[in-house]
Amino acid sequence: MIAQIILYNQLRSDYIYTKYTHFIYIHHTWKIKFQWENLNLNTKSKIIDYAGGKHMINTLQSKWKTAEFMCEKTFFSGLKKFAENHDVKKFVLVKPVENYVYENFLKIGKRLENIWLELEILPDTQSFFLSHEDFKEQYKKPPIMEYFYRFMRKKEDILMDGKDPEWGQWNYDKENRKFDRKHEKSWDFSLEKSDELKEAEKYYKHQLNSFQPTCRDEALQLLEYFLEHHLDDFGRLEDAMYKDDNYVHHSLLSTAINYGMLSPREVVRAVEESDTAMNNKEWFIRQILGWREYMYHFFMFYKDSIYEDNYLKHTRELPDYFWSNAEVSDMNCLSNTLKQVQSENFSHHIQRLMIIWNFSLLAGLNPHELNKWFFEYYTDAFEWVVTPNVLGMSQYADGWKLATKPYVASANYINKMSDYCKGCKYNHKEKYTDDACPYNYLYWNFVYENKETFEKWRQQFVVNNLKKIDIEKIKELKEKFIKKHS
Ligand SMILES: Cc1cc2nc3c(=O)[nH]c(=O)nc-3n(C[C@H](O)[C@H](O)[C@H](O)COP(=O)(O)OP(=O)(O)OC[C@H]3O[C@@H](n4cnc5c(N)ncnc54)[C@H](O)[C@@H]3O)c2cc1C
Ligand code: SF4
């Protein structure tokens, strides 16, 4: 008998090989070993894994009797039990998308061999547009993202008019990235709790966000809602942040896509076929066909070296308020974002980028510890996407393999793109006074400490501005800040 193992990131029927009649989903309850000692994943992620697996197995049971859900300390113990109970001689598994899980399964395969069981790993044709083998055939090493994105647009024939981009442009940046002071919160989507979710919530004694799907049908409802209510404003307010609106017009689809409830291809096609303006279509499709896809291949390419890198040699520990639920920093933007992450295990892209990444880079926080933090806290965090976003794109720990220039900002940008500064104890215009915004003096300190890097990336104009800065005063404020925030 041959049985298929279904993994947590394979939560739709496209991952199922219907020629097999036996299926097993193991909800792993024991510690997860990773680069760091243990990975303490947030409870909401565990609930998605549990409820998602239950949904899959319940659906399979309606057609095939032998479909089983198990809560087990390890994958190996679950597989052994299942094989004994159902006379299984061989397991098949669609390749795990996370590399550390894949490596773990190679070890499990060896252990299974010892008890006369076979494990065959099948290729994953569902999680990405392009297999990593095809990527390596196309590129000797990852090109810059823009070239890769254009290649993918042509290859998949998405928003193309023959060999040219539809409407003659590859991007519509000018129409995007606005801040609208009159914006009003409008996200209003809530799923009914399924029996599977109720069971998972009871098991973990914790609640999932009501917008979070745990099966394909719910994920399709979320996609439909986004297309109908938010896509039209997606591009325009892509970079805006509001203290009373956690989602603005973002899709909240990342977790459902990463868990396999939706395929990236169907999401991109749905947006392409919608009747929204071209700037929304292009910007959204760029995020999935461009960034999401690129991050995976970038990670797979550098997976053996990326955890060794710390190019800027940042070693400061994350302040306690990143980890604990206690009253966080007195900086309005940071405090607001961290509180949201601690309660929802989610924040939108610009909060991750402009607030958390920016702060961490300017304050010299250890990029590997920050990676662990993102991995543990966010429900959409999977190794292949969190690691390149944190170690590459945001903290430059990879030595500028991914990013093409230093991307840091002072309070001026945060004030321009958000309503956080109004009502903050700090003054976003000041850089030397006691109430000066920390983003300002930390920004100038960063420019000072990384002058050569800015010059290397042809950002001489940034370095030139240092002439107008009292750098001794900036250093003094930075030292005071670091003492207070350690
Ligand atoms: C420091 C940092 C860490 C991040 N960690 C993760 C992570 O662990 N998991 C994750 O899925 N995304 C991560 N991102 C990317 C991005 O922030 C999230 O995908 C996005 O905020 C999810 O919300 P959404 O679905 O509403 O996205 P939308 O704004 O609606 O974007 C649409 C989709 O585009 C894709 N996307 C957009 N940007 C990226 C990107 N940089 N990398 C990969 N996919 C992207 C996602 O699938 C997302 O659902 C990270 C970004 C930063 C700056
Ligand atoms: S003043 Fe500074 S710390 Fe306060 S919200 Fe604005 S950017 Fe954030």
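By convention here, each chain's residues receive numbers from 1 onward along its written sequence. Both sets of labels track the order of writing: A upward for chains, 1 upward for ligands. Under the rules for a predicted model, residues below a pLDDT of 70 receive no local features and side-chain atom pairs below 80 are neither given nor counted, while totals for whole chains, interfaces and linings still include all residues. Hydrogens and waters are ignored; side-chain quantities use all the structure's heavy atoms.

**Observations concerning the site of ligand 2**
Close to ligand 2 lie Met331, Asn332, Cys333, Ala411, Ile414, Tyr420, Cys421, Cys424, Tyr426, His428, Cys437 and Tyr439, which account for all nearby residues. Secondary structure elements are taken from DSSP: a helix is a run of H or I of four residues or more, a strand is a run of E of two residues or more, and numbering for both begins at the N terminus. Listing elements by their share of the shell around ligand 2, those giving two or more residues are α13 (332–344) and α17 (411–417). Looking at the shell around ligand 2, its residues break down into 10 nonpolar, 2 polar and no charged. Nearness is defined per residue: one heavy atom within 4 Å of the molecule or strand is enough. Only Asp, Glu, Lys and Arg are considered charged, only Ala, Val, Leu, Ile, Met, Phe, Trp, Tyr, Cys and Pro nonpolar, and every remaining residue, Gly among them, polar.

**Remarks on the site of ligand 1**
Close to ligand 1 lie 24 residues, the nearest being His250, Ser251, Leu252, His349 and Asp380. In this structure, Asn258 approaches ligand 1 through a side-chain N or O atom, which is 2.9 Å from an oxygen atom. We call two N or O atoms a polar contact when they sit within 3.5 Å, provided that within protein one can donate a hydrogen and the other can accept it, with sequence-adjacent residues counted only if both atoms are side-chain atoms. Take Gln287: an N or O atom from its main chain is 3.5 Å from a nitrogen atom of ligand 1. Residue burial considers only the protein chains on display, and all accessible areas are found by Shrake-Rupley using a 1.4 Å probe. Protein coverage of the free-state accessible area of ligand 1, which is 820 Å², stands at 99%. In the shell around ligand 1, the residues fall into 13 nonpolar, 8 polar and 3 charged. Mapping the shell around ligand 1 onto the domain boundaries places at least three of its residues in each of domain 2 (132–187 + 230–302) and domain 3 (308–484). Domain limits in this description derive from either an automatic procedure or a database domain assignment.

**Focus on the packing of helix α11 (residues 278–302) against helix α16 (residues 383–394)**
α16 packs onto α11 with a crossing angle of 85° between their chain directions and a minimal axis gap of 8 Å. Between α11 and α16, the angle falls in the class roughly perpendicular. Contacts between α11 and α16 involve Trp291, Arg292, Met295, Tyr296, Phe298 and Phe299 on the former and, on the latter, Glu383, Trp384, Thr387, Pro388, Asn389 and Met393. Residues of the contact of α11 with α16, tallied by class, amount to 8 nonpolar, 2 polar and 2 charged. Lines fitted to C-alpha atoms define the axes, with helix axes restricted to the stretch in contact, and inter-axis angles between N-to-C directions lie between 0 and 180 degrees. For this classification, under 35 degrees means roughly parallel, over 145 means roughly antiparallel, 65 to 115 means roughly perpendicular, and everything else is oblique. By definition in these notes, contact holds between two residues if any of their heavy atoms fall within 4.5 Å.

**Topic: the sheet that holds strand β1 (residues 2–6)**
Paired strands are those between which DSSP finds at least two bridges. Taken together, 5 strands build an open sheet; the order of strands is β3-β2-β1-β4-β5 and the sheet is parallel. On the outer flanks of this sheet lie β3 (67–72) and β5 (118–122), each paired with one strand and no other. Here the average twist between neighbouring strands, direction ignored, is 25°. Taken together, the 4 bridges between β1 and strand β2 (residues 22–28) define a ladder with parallel strand orientation. Each residue of the ladder has a partner; that of Gln4, found in β2, is Phe23. Its contacts with the sheet place helix α1 (residues 43–61) against β1, β2 and β3, and it is angled at close to 155° to β3. Its contacts with the sheet put helix α3 (residues 99–114) on β1, β4 (90–94) and β5, and the angle it makes with β5 is roughly 150°.

**Description of the nonpolar core**
Ranked by internal contacts, the top residues of the largest apolar core, which has 166 residues, are Phe91, Phe105, Phe322, Phe359, Trp373 and Tyr439. A per-element tally of this core places α11 first, with 13 residues. Sequence-distant contacts of Phe322, that is, excluding residues within four places in its chain, are made with Leu338, Gln342, Ile356, Phe359, Ser360, Leu365, Leu370, Trp373 and Tyr377. Grouped together as the second largest cluster of nonpolar side chains are 6 residues, Phe179, Leu237, Tyr242 and Val248 included. Put simply, a nonpolar core is a bunch of buried Ala, Val, Leu, Ile, Met, Phe, Trp, Tyr and Cys residues held in one set by side-chain atoms that sit within 4.5 Å of each other. Accessible area is worked out with a 1.4 Å probe on protein chains only. A residue is then buried under 20% of its type maximum, exposed over 50%, and partly exposed in between.

**Focus on the domain arrangement of the protein**
How big an interface is tends to be reported as the loss of accessible area on association of its parts. Annotation of the protein at the domain level lists domain 1 (2–122), domain 2 (132–187 + 230–302) and domain 3 (308–484). Here domain 2 and domain 3 have C-alpha centroids that lie 24 Å from each other. Taken together, the 28 residues of domain 2 in the interface contact 32 residues of domain 3. As a working definition, buried area equals the accessible area (1.4 Å probe) given up by two parts on being put together, with both sides summed. Summing both partners gives a buried area of about 2800 Å² for domain 2 against domain 3, and 64% of it is carried by carbon and sulfur. Salt bridge, as used here: a side-chain nitrogen of Lys or Arg that lies within 4 Å of a carboxyl oxygen of Asp or Glu. Run the count over domain 2 and domain 3 and you get 0 salt bridges.

**Thoughts on the environment of Glu430**
Among the structural elements, Glu430 can be located in the loop between α17 and α18 (438–449). A relative accessible area of 29% means that Glu430 is categorised as partly exposed. Apart from residues no more than four positions distant in its own chain, Glu430 is found in contact with Asp435, Ala436, Cys437 and Asn440.

**Focus: unusual backbone geometry**
Of note, the phi angle at Lys205 is positive, near 50°, even though the residue is not glycine. Position of Lys205 among the secondary structure elements: in the loop between α6 (195–204) and α7 (216–229). Here Val248, not a glycine, exhibits a phi torsion of approximately 50°, which is positive. Its location among the elements puts Val248 in the loop between α8 (231–234) and α9 (254–258).

**Some thoughts on the side chain of Ser394**
With respect to the secondary-structure elements, Ser394 resides in helix α16. Owing to a relative accessible area of 3%, Ser394 belongs among the buried residues under this scheme. Residue contacts for Ser394: discarding those within four places in its chain leaves Trp357, Leu361 and Asn389.

**Observations concerning the pattern of salt bridges**
Counted under the stated rule, the structure contains 30 salt bridges. For Lys401, the salt bridge goes to Asp309, with nearest N and O atoms at 3.5 Å. Placement of the pair is Lys401 in the loop between α16 and α17 and Asp309 in the loop between α11 and α12 (320–323), with a sequence separation of 92 residues. Lys401 gets classed as partly exposed once you look at its relative accessible area, which sits at 36%.

**Re the packing of helix α15 (residues 367–377) against α16**
Put simply, α15 and α16 touch, their axes get as near as 9 Å, and they point 140° apart. On the basis of the axis angle, α15 is oblique to α16. Note that α15 runs across α16; the crossing there is right-handed. Note on element contacts: α16 touches α15 through Glu383, Val386, Thr387, Val390 and Leu391, opposite Pro367, His368, Leu370, Asn371, Phe374 and Phe375. Split into classes, the residues belonging to the contact of α15 with α16 amount to 7 nonpolar, 3 polar and 1 charged. Working rule for handedness: look at the near helix, and if it is turned counterclockwise from the far one by less than a right angle, call the crossing left-handed; if clockwise, right-handed.

**Concerning the environment of Tyr259**
By secondary structure assignment, the location of Tyr259 is in the loop between α9 and α10 (264–273). By relative accessible area, which is 5% here, Tyr259 ends up buried. Along the backbone, Tyr259 and Tyr441 are 182 residues apart, and their C-alpha atoms lie at a distance of 40 Å. Other than its neighbours up to four places away in sequence, Tyr259 contacts Tyr8, Asn9, Gln10, Leu11, Ser45, Ile48, Asp49, Thr379 and Phe382. Looking at Tyr259, its side chain comes within polar contact range of the main-chain oxygen of Ser45, at 3.5 Å.

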